[in-house]
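A look at the structure
The lines below spell out each chain.
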Amino acid sequence: MQRSSVLGLAPQTLMRDYNPFLEQQSLEQIALSLLQYTPNLAFLNPHALLLEVSASLLLFKGPRGLWQRIQSSLLTQGVHTRLSMAPTAQGAWVLACQTQSRQRRVLQKPTLTRRLDPLPIATLPAAQAYSDWLEGIGCHTLGQLRKLPRTGLQQRSAPALMQAVDAAYGLTDEHFTWFEAPDFFSQRYDLIERIEHTHAVLAVAKKLIEQLCGWLHAKHYSVSSLDFLLHHEKGRHARPPTALTLTLSQACWQPQDFLTVLVEQLHQLTLAAPVIALELSIASVEPRPGLSNSLFPEPTQWIKQEHRLLDLLRARLGAGQVLQALPVADYRPEQANFWAPLGASPGTLRAASEVRARDISPGSPKTDNPPSLGTNARPFWLLPAPLALGTQNNRPVYKGMALRLIQGPERLESGWWNESGHDLRDYFIAEDSHAVRYWIYRQRETLNLRWFLHGLFA
């Protein structure tokens with residue numbers, strides 16, 4: 001249509017000059033997102049993508065399930081397409097082009113033949129150049145075209161016409177050059193209009209995540225961190241881009257794994273300025289773990305669900321509000337555990353060195369023969385700070401009851417490098433008259449020897 005006609009029908013239409021480079025770039029972005037369904041993808045012509053999905057049908061629960069998944073990805077990309085499925089590539093292209101029927105999914109060659117025969121010859125690209133001549137001799141459909149003498153038809157047209165007919169009906173082999181994903185992933189989406197709300201940012205981010213997941217499937221990778229850059233206006237009102245990092249506790253490769261956390265982070269994001277472009281990149285990738293052939297659910301499946309929950313909580317509450325317990329290289333019980341943000345590494349947070357001696361001094365108290373508790377048994381409950389105990393007849397007392405030492409001592413010498421000083425302790429397991437057990441220690445080499453309660457056994 002002419003520009004004036006378009007504006008007369010729809011004055012709000014946004015006009016853009018035709019750019020074959022941008023059109024090809026858009027087609028490649030769509031191809032990248034569809035790689036998550038098959039590694040065999042080719043450009044059938046400048047306006048069509050071909051997916052060889054025979055090996056993907058079982059994985060996506062049959063043709064209908066795969067069809068729906070592909071349609072969903074295409075809708076996410078924001079493109080209007082016409083999807084078809086057939087045993088041959090040319091046959092699928094003809095079914096996609098025809099408008100006589102909505103039945104564009106065919107699985108068997110006999111059914112494909114019945115669907116192709118009544119279609120106009122113009123639906124076959126190779127026949128369009130000879131459409132007037134074919135119409136003049138009374139050949140209107142593909143079925144009638146097949147019945148013409150092959151020798152005479154080739155002499156009056158071209159060998160490519162019969163080759164296209166044979167390819168559509170599955171009478172000859174088809175060969176394609178498959179699309180290869182780039183070695184590195186970095187995609188940018190330039191917007192036609194400025195975005196001022198985060199829900200519009202989410203719609204664009206979905207497109208980029210679909211492309212990323214296609215690339216991850218093609219490369220058999222997974223990733224645990226995504227880096228988004230939200231670009232703002234340039235020129236006099238230029239601002240640096242807004243960085244948004246999406247961090248997961250486990251490497252993933254499915255779109256929904258990223259989108260659940262991204263939605264929560266965008267709810268907490270306030271745009272400082274309108275967004276004119278969105279860019280997605282990744283810093284590192286990991287090999288994707290293989291699928292399990294086990295009949296029963298494995299612990300890794302439950303761990304994955306747990307990680308999804310933790311990622312959601314971290315995005316909703318903040319990274320500093322979801323903590324994990326990390327062991328620290330320190331023999332002092334109150335220093336041996338450290339609470340850190342989820343995903344942090346113990347080595348990057350804290351380092352400690354220690355010296356531990358297990359010798360029992362001649363002056364240590366004698367203990368009764370206890371039930372076996374294992375070597376260096378530890379209580380489940382540790383007090384926030386050791387509690388000083390009184391003594392009665394040289395025996396520690398807690399809540400008015402004298403404690404009987406049943407195991408120990410376990411000697412601890414550590415912390416000489418800290419400002420708090422050198423800790424010299426002898427730990428014992430003690431028991432009261434109600435058979436409740438406690439973890440206590442006595443200070444050594446000090447003028448004021450005292451007993452302390454440090455933990456409770458369940």
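Fair warning: this is a prediction, and the values are worked out from it, not measured in the lab.

A few words on unusual backbone geometry. Glycine aside, the phi torsion of most residues is negative, and most peptide linkages are trans. Following Gly408, the chain continues into Pro409 via a peptide bond in cis, with omega recorded as 5°. Within the secondary structure, Pro409 is located in strand S13 (residues 404-414). Even without being glycine, Asn394 reaches a positive phi, approximately 65°. Mapped onto the secondary structure, Asn394 falls in the loop between strand S10 (381-392) and strand S11 (395-398). Using a relative accessible area of 75% as the deciding quantity, one classes Asn394 as exposed. Positioned with a positive phi, Ala435 is a non-glycine residue whose angle comes to about 65°. Among the structural elements, Ala435 can be located in the loop between strand S14 (423-431) and strand S15 (437-443).

Let us now look at the sheet that holds strand S12 (residues 401-402). Read from one edge to the other, the open sheet built from 7 strands follows the order S12-S11-S10-S16-S15-S14-S13, with strand pairing classed as antiparallel. Looking at the sheet topology across the chains shown, the edges are occupied by S12 and S13. Here S15 pairs with strand S16 (residues 451-456) via 5 bridges, running antiparallel. Bridge pairing links Tyr441 to Phe452 in S16.

Our focus in this paragraph is the packing of aromatic side chains. For the structure on display, the rule yields 11 aromatic pairs. Ring geometry for Tyr398 versus Tyr438: centroids 5.2 Å apart, planes at 70°, classification edge-to-face. Taken together, the residues span a long stretch of sequence, with Tyr398 in strand S11 and Tyr438 in strand S15 at a distance of 40 residues. By relative accessible area, which is 7% here, Tyr438 ends up buried. Of the aromatic side chains, those joined through ring pairs into one cluster are Tyr427, Trp439, Tyr441 and Phe452. Sitting over the face of the ring of Trp67, Arg105 holds its NZ or CZ atom 4.9 Å from the ring centroid. The side chain of Arg146 reaches across the aromatic face of Tyr169, ending 4.2 Å from its centre.

Glancing now at a nonpolar patch on the surface. Together, Leu309, Leu313 and Leu317 line one region of the surface with nonpolar side chains, adding up to about 260 Å² of accessible area. For Leu317, the position within the fold is in helix H12 (residues 299-317).

The rules behind the values
- Residues numbered from 1 in each chain as written.
- Predicted model: local features only at pLDDT ≥ 70, side-chain atom pairs only at ≥ 80, totals over all residues.
- Heavy atoms only, no water.
- Helix = DSSP H or I, 4+ residues; strand = E, 2+ residues; numbered from the N terminus.
- Buried < 20%, exposed > 50% of the residue type's maximum accessible area, 1.4 Å probe, protein only.
- Pairing = 2+ DSSP bridges.
- Phe/Tyr/Trp six-rings, centres within 6.5 Å; stacked < 30°, edge-to-face > 60°.
- Lys NZ or Arg CZ within 6 Å of the ring centre and 35° of its normal.
- Patch = residues over 30% accessible without salt bridge, like charges linked within 9 Å, V, L, I, M, F, W, Y side chains within 5 Å.
- Areas by Shrake-Rupley, 256 points an atom, 1.4 Å probe, with all protein chains shown as cover.
- Salt bridge = Lys/Arg side-chain N within 4 Å of Asp/Glu carboxyl O.

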